[in-house]
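Secondary and tertiary structure notes
Listed here are the chains, written in short residue letters.
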Protein chains: 2
Amino acid sequence: MTFSDRLDQAIAQKGSPALVGLDPFLDRIPTEFAAVHDPGASRAEQAASMGDFLCAVIDVISDRVAAVKPQSAFFEVLGHDGVAQWERVVGHARDAGLLVIGDVKRGDIGSTAAAYATAFLTGTPKTDPRTLCDAVTVNPLLGHDSITPFLEACRESDTGIYILVRTSNPGGEQFQTKGNPTLTNQIADAVVAWGEELIGSCGLSSVGAVVGATHPTELKALRERMPRTPLLLPGYGAQGAGAEDVVAGFLPGGRGVLVNSSRGILYPARDPKTPWRDATSQALDQMRADLAATGAC
Amino acid sequence: MTFSDRLDQAIAQKGSPALVGLDPFLDRIPTEFAAVHDPGASRAEQAASMGDFLCAVIDVISDRVAAVKPQSAFFEVLGHDGVAQWERVVGHARDAGLLVIGDVKRGDIGSTAAAYATAFLTGTPKTDPRTLCDAVTVNPLLGHDSITPFLEACRESDTGIYILVRTSNPGGEQFQTKGNPTLTNQIADAVVAWGEELIGSCGLSSVGAVVGATHPTELKALRERMPRTPLLLPGYGAQGAGAEDVVAGFLPGGRGVLVNSSRGILYPARDPKTPWRDATSQALDQMRADLAATGAC
């Protein structure tokens, strides 16, 4: 089964397009993960405690989300100890039946892009396949030969990529909205072309696009421009977008979209007496309910 | 001392703008690093053997180059075992008196970019400072708030960044040369603006630019557009550019440029009877001589 088919099925089964981003900001991890906050702990102990937290988050949410999106930067802060926890967390999520979208935003010349595709999607003979991602985010600045190795990896291993088309952050407009056609529209057209040979039986491609939920008007136009492209919409929650902002991304039947919230689920505002698991679980229920209330999914 | 000052001094001291890229393609590493090629070796053993090779390369070249540029993708192929070797190799290069430019091409929204800047430039209280880079390559697609955390890190730790302005690969033209001004020129102007507050006593900024040596005409125009920007020129050697192609990048006195060769130094064509160390050493001497013969440096 292609990535797009697996994802489409998982979203239908879990009944929600909610995607939880695993962004382990160390200073926001609950205090019960003591080694994270202990100046006397080693880096390996700190990383393991961070991994304990993320695995516990996965256990809280896995019955209600199709996928998780670990963010590589927060693991790399702890060096190879952090990357070891990346592998553990990815494996834990896959064992829990979740799809894993590695938010790595890699992009490089062909031979190097091939190495990144191996690192995250296909593995070497010595890679534990449980530690590989189902999809990764990719930066397209370097153009077609930086994407081709990922497309080959997608074909080889039934995985997917999400290409940055319009990012959620304020600075995204500096380059992305300039030009005629805009850089964003140029990338969107390339995403459609790159994805044509990777369309699954669900009708969607395994080549997706990242479009910030913080730009609802652009989202509508980009959905029309990329009608068979799975969208990953960051920016929900802590970055300011709400459920109504993502409506334009959905295809009929509520398909073709993942809406990401990271900080809003991992670190919800809570009364100190409320256990973090309860607060996280309630935040996810609220997100699912808010999205469902739009009627779009 | 700012990164730009340290680099300017190191280039003058070593007498060459040659930069060696550490791209450990596993199948090209000399056979004497047996665990790299042993199907029975563990991933950790394979990674350690790769690290042995790179440290040996550093020992061969460190008297004749100012800096090395490890490429993160080839380490990440071996997961956390590879990243542990990244830390070892970076430390070995720094101990050998070299500047280390981490070719990581990261780029993400502000809070995530801050994590990457911590991971590679400033570290956490638990980071061994020997494992941090003097500079990293950065992808600017996400705009100003994806760059700001790196600028802050540069100020805080006297480090630098090289922003992708015009990449060396064939696909680079797909987006970079489009628009009026072109995306490349938009980025170049932003590089100048971002670098203004990080100009060292040598007159150069610690905010540099990556410009492919494979585009000599564009290089000339970009040097005029970015007169105080250190340039990192990939594409020399295996990617097709020669010494004459990089001439336009130099400032008076042969300053402001690093010319990168990776595969051409690490895996030079050689007679099987020639030890790899000799072949690598000769390839570096040839590169230095070819660059010097231009009279530009």
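Thresholds applied
Every chain is numbered independently, its residues counted from 1 as its sequence is written. Each chain gets a letter, beginning with A, and each ligand a number, beginning with 1, in the order they are written. Note on the predicted model: pLDDT of at least 70 is required for a residue's local features to be given, and 80 or more for side-chain atom pairs to be given and counted; whole-chain, interface and lining totals, by contrast, use all residues. Helix and strand definitions follow DSSP, with helices as H or I runs of at least four residues and strands as E runs of at least two, each counted in order from the N terminus. We compute the radius of gyration from the C-alpha atoms alone; for a globule the expected value is 2.2 Å times N to the 0.38, where N is the number of residues. Burial is judged by counting the other C-beta atoms within 10 Å of a residue's own C-beta: 20 or more makes it buried, 12 or fewer makes it exposed, and any count in between marks it as partly exposed, with every C-beta position built from the backbone. By definition, residue pairs are in contact when their C-beta atoms, positioned from the backbone, come within 7 Å. By the convention used here, strands pair only if DSSP detects at least 2 bridges between them. Interaxial angles span 0 to 180 degrees and are taken between N-to-C directions of axes, which are lines fitted to C-alpha atoms, for helices over the stretch in contact. Residue polarity follows a fixed list, in which Ala, Val, Leu, Ile, Met, Phe, Trp, Tyr, Cys and Pro are nonpolar, Asp, Glu, Lys and Arg are charged, and the others, Gly among them, are polar. The crossover handedness rule: strands pointing away from the viewer, path from first strand over the helix to second strand clockwise, crossover right-handed. pLDDT runs from 0 to 100 and stands for how confident the predictor is about each residue. The copies were overlaid with a least-squares fit restricted to C-alpha atoms from residues scoring a pLDDT of at least 70 in each copy. Helix span is expected to be 1.5 Å times the residue number reduced by one. Defined on buried residues, the nonpolar core groups Ala, Val, Leu, Ile, Met, Phe, Trp, Tyr and Cys residues joined through C-beta atoms within 7 Å. Note on terminology: angles under 35 degrees are roughly parallel, angles over 145 are roughly antiparallel, angles of 65 to 115 are roughly perpendicular, and the others are oblique. Left-handed describes a crossing in which the near helix is turned anticlockwise from the far one by less than a right angle; the clockwise case is right-handed.

With that settled, the discussion passes to the overall build of chain A. Counting secondary structure elements, chain A contains 13 helices and eight strands. By the compact-globule yardstick of 19 Å for 297 residues, chain A fits well, its C-alpha radius of gyration being 18 Å. When its C-alpha atoms are laid out on the principal axes, chain A stretches across 55 × 45 × 40 Å. The buried share of chain A, reckoned over its 297 residues, is 60%. Sequence separation of at least 24 residues holds for 72% of the intrachain contacts in chain A that already meet a minimum separation of 6.

All right, on to the sheet that holds strand S1 (residues 18-22) of chain A then. All names here are of chain A. Spatially, the eight strands close up into a barrel ordered S1-S2-S3-S4-S5-S6-S7-S8, and their pairing is parallel. Looking at each pair of strands side by side, their axes are set apart by 30° on average, direction ignored. With four bridges joining them, strand S4 (residues 135-138) and strand S5 (residues 160-166) adopt parallel strand pairing. Within S5, the residue paired with Thr 137 across the bridge is Tyr 162. Packing of helix H5 (residues 79-95) onto the sheet brings it into contact with S1, strand S2 (67-70) and strand S3 (99-106), and relative to S2 it is tilted by some 175°.

To continue, consider the interface of chain A and chain B. Taken together, the contact between chain A and chain B spans 50 residues of the former and 50 residues of the latter. Broken down by secondary-structure element, the contributors of at least two residues to the side of chain A that touches chain B are helix H3 (43-61), helix H4 (72-76), H5, helix H6 (110-122), helix H7 (144-157), helix H8 (173-176) and helix H9 (183-195) of chain A. Looking at the side of chain A that touches chain B residue by residue, the class counts come to 18 nonpolar, 23 polar and nine charged.

Turning our attention to the pairing of strand S6 (residues 207-211) of chain A. All names here are of chain A. Counting buried positions along S6 yields five of five residues, so the element is predominantly enclosed. Residue alternation in S6 divides its side chains into two sets, Val 207, Ala 209 and Val 211 and Gly 208 and Val 210, and both sets are buried. Pairing of S5 with S6 involves five bridges; the strand directions are parallel. Bridging from a neighbouring strand, Ile 161 pairs with Val 207 of S6. Judged from the two bridges that link them, S6 and strand S7 (residues 231-233) form a sheet pairing that is parallel. Residue pairing for S7: Ala 209 is matched across the bridge by Leu 231. Each parallel crossover has a hand, and the one from S6 via helix H10 (residues 216-225) to S7 is right-handed.

All names here are of chain B. Pairing is parallel in the closed barrel, where eight strands are placed in the order S1-S2-S3-S4-S5-S6-S7-S8. Taken pair by pair, the neighbouring strands of this sheet meet at an average axis angle of 30°, ignoring direction. Strands strand S1 (18-22), strand S2 (67-70) and strand S3 (99-106) of the sheet are contacted by helix H5 (residues 79-95), whose axis makes an angle of about 175° with S2.

For chain A, per-residue confidence averages 97 on the pLDDT scale, and 100% of positions sit at 70 or higher. Overall fold confidence for the complex sits at a pTM of 0.98, while the interface term, ipTM, reaches 0.98.

Our focus in this paragraph is the relation of the copies chain A and chain B. You can overlay chain A on chain B at an RMSD of 0.0 Å; the transform is a turn of 180° with a shift of 0.0 Å along its axis. In symmetry terms, the pair is related by a two-fold rotation axis.

Residues and elements named next belong to chain A. An ideal rise of 1.5 Å per residue puts 16 Å on twelve residues; helix H1 (residues 3-14) measures up with 16 Å between its terminal C-alpha atoms. Among the residues of H1, Phe 3, Ser 4, Arg 6, Leu 7, Asp 8 and Ile 11 are the ones counted as buried. Buried residues in H1 make contact with S2, S3, S4, H7 and S5. One or two positions beyond H1, positive phi appears at Gly 15, with a value near 75°.

Looking now at the environment of Gly 208 of chain B. Residues and elements named next belong to chain B. Among the secondary structure elements, Gly 208 is positioned in strand S6 (residues 207-211). Between the C-alpha atom of Gly 208 and that of Ala 153, which follows or precedes it by 55 residues, the distance is 14 Å. Among all residues touching Gly 208, those that are not within four sequence positions of it are Gly 160, Ile 161, Tyr 162, Thr 229, Pro 230, Leu 231 and Leu 232.

Turning next to the environment of Ala 279 of chain B. In this fold, Ala 279 of chain B is placed in helix H13 (residues 276-293). Excluding residues that lie within four positions of it along the chain, Ala 279 of chain B makes contacts with Pro 268, Arg 270 and Thr 274 of chain B.

Turning next to the nonpolar core. Ranked by internal contacts, the top residues of the largest apolar core, which has 198 residues, are Ala 67 and Ile 163 of chain A together with Ala 67 and Ile 163 of chain B. Look past the residues within four positions of Ile 163 of chain B in its chain and what remains in contact with it is Val 138, Pro 140, Ile 187, Val 191, Val 207, Ala 209 and Val 210 of chain B.

Residue and element names in this part refer to chain B. Close contact between helix H6 (residues 110-122) and helix H7 (residues 144-157) brings their axes to 8 Å; oriented N to C, the two are set at 30°. The orientation of H6 with respect to H7, classified from their angle, is roughly parallel. The handedness of the crossing between H6 and H7 comes out as right-handed. Residues Gly 110, Ala 113, Ala 114, Ala 117, Leu 121 and Thr 122 of H6 touch H7, and the partners they reach there are Asp 145, Ser 146, Thr 148, Pro 149, Phe 150, Ala 153, Glu 156 and Ser 157. A class-by-class count of the residues in the contact of H6 with H7 yields seven nonpolar, five polar and two charged.

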